[in-house]
Amino acid sequence: MAGSGVHATVAVLERHLTLYRRLFWASAMSSFLLPVLFLVSIGLGVGGYVGDLGGVSYLQWIVPGVMASTAFQMAVGETTYPVLGDFKWTRGYHAMRATPVRIGDMVAGQVLVMVVRVLPQAVVFLLVVLLFGGLRSWWSVVTPLVCAAVVVASALPVMGFSARIDNDGYFALLFRFVMIPMTLFAGVFFPVAQLPVVAQWLAWVSPLWHGVELCRAATLGVAPPWPVWAHVACLVAWTVAGGWFAMRGFARRLAV
Amino acid sequence: MAEEPLIVARGLVKRFGEFTAVDGIDVSVERGEAFGFLGPNGAGKSSTMRMISCVSAPTAGELRILGMDPVRDGVAIRGRLGVCPQLDNLDTDLSVFENLTTYARYFGLSRAEARRRAGELLEFVQLADRAKGKVEPLSGGMKRRLTIARAMVNDPEIVLLDEPTTGLDPQARHLLWERLYQLKRRGVTLVLTTHYMDEAEQLCDRLVVMDGGRIVAEGSPRELIARYSTPEVVELRFAGGADAAVKLDGVGERVDPLPDRVLVYARDGDAAVAEVHRRGLAPSSVLVRRSTLEDVFLHLTGRTLVD
């Protein structure tokens, strides 16, 4: 009967999937249609002015950026209000706390459900982009996995943040001063090499930039700016540090 | 050899910084018992419950639940407890039925077993017709019953109920008490906190009275009333205020003047009333009633339970 270990993590994942089923269409629209609109407007519109970038069309160049940043935005969106809500309003975590579900199960289950969501989204996006002629390499097939890694690396630290605040006003600060700058300086729409070195630093610490560059290397079939292992190591570092930060935040908030 | 009590606390303490919520209590709860923590708000009841439900670590003292250590074996203990918290934490975006199946999965029940249990329990708490509905439109009493059904989903050995009927109307309370009484008959050990003396009298085989983080009395409702009160109480109100209390000296066994009324503790209430009239006193209202736990609490602490 003990629901410890994998079983409890799966149970948490199922709870979030059951909740997600109600919002499936609304959320599928925003996480799939929106990036396609981005591609059409910026990829074709801006691309018409910009022309080619390093031998590839602008559309092909931003496809991986849009893909990774969509994953990043989902991770942030799903770990701000929903996490605070489960502490403050529905008290879903308190309900779990009274069962054999452990802190690690709560965190892992919720991150896994985002992985389960991002994988099919990324695959469908790839297929649509393929019709636009947006892919140049078979390596493109690894991009859903990179998106999953971006989701995990960015969701965990934000969960830790949401577990520590009591007022949703802090989310406005997170969006304005962290999420938007990170998206702007992550090589989604232009190479970060264009930026002054100080701004490049911003990109280097951002989990999104590493995800964008890995995706871009894959869809264009070129080598990424840093060795692959270095990009992966940065994502892993965010995952480990973020996981620790989230677990501690949850444990503190639930220990009264 | 007698079975070890399901819950044993010795010198249990819970401090939050400088504030001592639970100040060294000794408690033991036997299997099949309905055990209550009675006391006003802030007496330390809920802090005690959170330690028993293994979500809050004791600051000092000893606590064993089902023969295990709540800090080390929290997961194993929680798997055998059912918790009905003071604040509702139902999943408002899930249906009534899904609330139970989702929760059952936390305990490791298979999906089929979870659905079977959910159906059974909704029958038990008389919510089967609301299974597919949302949680939000349910009344307070229905939400409480759903929370109790949820607490039963893992077939727990101990069910912990923190203020189970606070905020409910009288009819909803009676329905809830009746369901809890059914649980008790099935042999489930109930541990509850309440600041309602009628609830404690209705449900508890044995209880402790808490005040300021300490236990001030322990026993069955009947024992406590016999020990700390008289069988009957006469409530007298005087138009001119409580000055009449002086003239009541010697009526009954004890006289307790309150701001709005005077309580006369007596073995025979009617005889006490006759004596009041014989002394020429004319109270504006007279009520003879059975002694309750409220009187016990008043006697022990000098204060009423519900402010």
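Residues numbered from 1 in each chain as written. Chains lettered and ligands numbered in written order. Predicted model: local features only at pLDDT ≥ 70, side-chain atom pairs only at ≥ 80, totals over all residues.

Novice: For this particular structure, what's the right way to read the overall build of chain A?
Specialist: Helix and strand counts for chain A stand at eleven helices and two strands. Ordering the α and β elements of chain A from the N terminus gives α-α-β-β-α-α-α-α-α-α-α-α-α. Taken against the 2.2 N^0.38 rule, which gives 18 Å for 256 residues, the C-alpha radius of gyration of chain A at 19 Å falls within 12% of a compact globule. Viewed in the frame of its principal axes, chain A has a C-alpha envelope of about 60 × 35 × 35 Å. Burial statistics for chain A: of 256 residues in total, 47% are counted as buried. The contacts in chain A between residues at least 6 apart in sequence include a share of 81% that link residues at least 24 apart. (Helix = DSSP H or I, 4+ residues; strand = E, 2+ residues; numbered from the N terminus. Rg over C-alpha atoms; globule rule 2.2 N^0.38 Å. Buried ≥ 20, exposed ≤ 12 C-beta atoms within 10 Å, placed from the backbone. Contact = placed C-beta atoms within 7 Å.)

Novice: What is the right way to look at the UniProt feature "transmembrane region" (unreviewed entry) in chain A in this model?
Specialist: All names here are of chain A. UniProt records the feature "transmembrane region" (unreviewed entry) for residues 23-49, 61-85, 106-132, 138-161, 173-193 and 228-247 in the present numbering. The span residues 23-49 is 96% helical and 0% strand by assignment, and the distance between its end C-alpha atoms comes to 38 Å. For residues 106-132, the end-to-end C-alpha separation is 40 Å, with 96% helix and 0% strand making up the annotated structure. (UniProt positions renumbered as here; feature names shortened; annotations may be inferred.)

Novice: So what exactly am I meant to see when it comes to the UniProt feature "domain: ABC transmembrane type-2" (unreviewed entry) in chain A here?
Specialist: Following the UniProt record, the feature "domain: ABC transmembrane type-2" (unreviewed entry) maps to residues 26-253 of chain A here. In residues 26-253 of chain A, the share of helix is 78% and the share of strand is 2%. The end C-alpha atoms are 31 Å apart.

Novice: What's the story with the nonpolar core in this structure? I'm lost.
Specialist: Burial of nonpolar side chains together is a common tendency in soluble globular proteins. A68, A71, C147, V150 and V151 of chain A together with L160 and L190 of chain B are the most contacted members of the largest nonpolar core, which totals 146 residues. With 14 residues, the single largest contributor to this core is helix α7 (residues 143-164) of chain A. Setting aside residues up to four positions removed in sequence, V150 of chain A forms contacts with A68, A71, F72, P207, L208 and G211 of chain A. The next biggest cluster of nonpolar side chains, apart from the first, holds 15 residues, and it includes V234, V255, V262 and V264 of chain B. (Core = buried A, V, L, I, M, F, W, Y, C linked by C-beta atoms within 7 Å.)

Novice: How do you make sense of the environment of M74 of chain A when you look at a structure like this?
Specialist: All names here are of chain A. Following the sequence through the fold, M74 ends up in helix α3 (residues 58-79). For the pair M74 and D105, spaced 31 residues apart in sequence, the C-alpha to C-alpha distance is 21 Å. Setting aside anything within four residues of it in sequence, one finds M74 in contact with S31, M114, V118 and V151.

Novice: Would you take a moment to explain the interface of chain A and chain B for this structure?
Specialist: A common way to report how large an interface is uses the accessible area buried once the components associate. Across the contact, 27 residues belong to chain A and 23 residues belong to chain B. Mapped by element, the contributors of at least two residues to the side of chain A that touches chain B are α1 (6-22) and α5 (92-97) of chain A. Here the side of chain A that touches chain B gets eight residues from one element, more than from any other, and that element is α1 of chain A. Grouping the amino acids of the side of chain A that touches chain B by side-chain chemistry returns 13 nonpolar, eight polar and six charged. (Nonpolar A, V, L, I, M, F, W, Y, C, P; charged D, E, K, R; others polar.)

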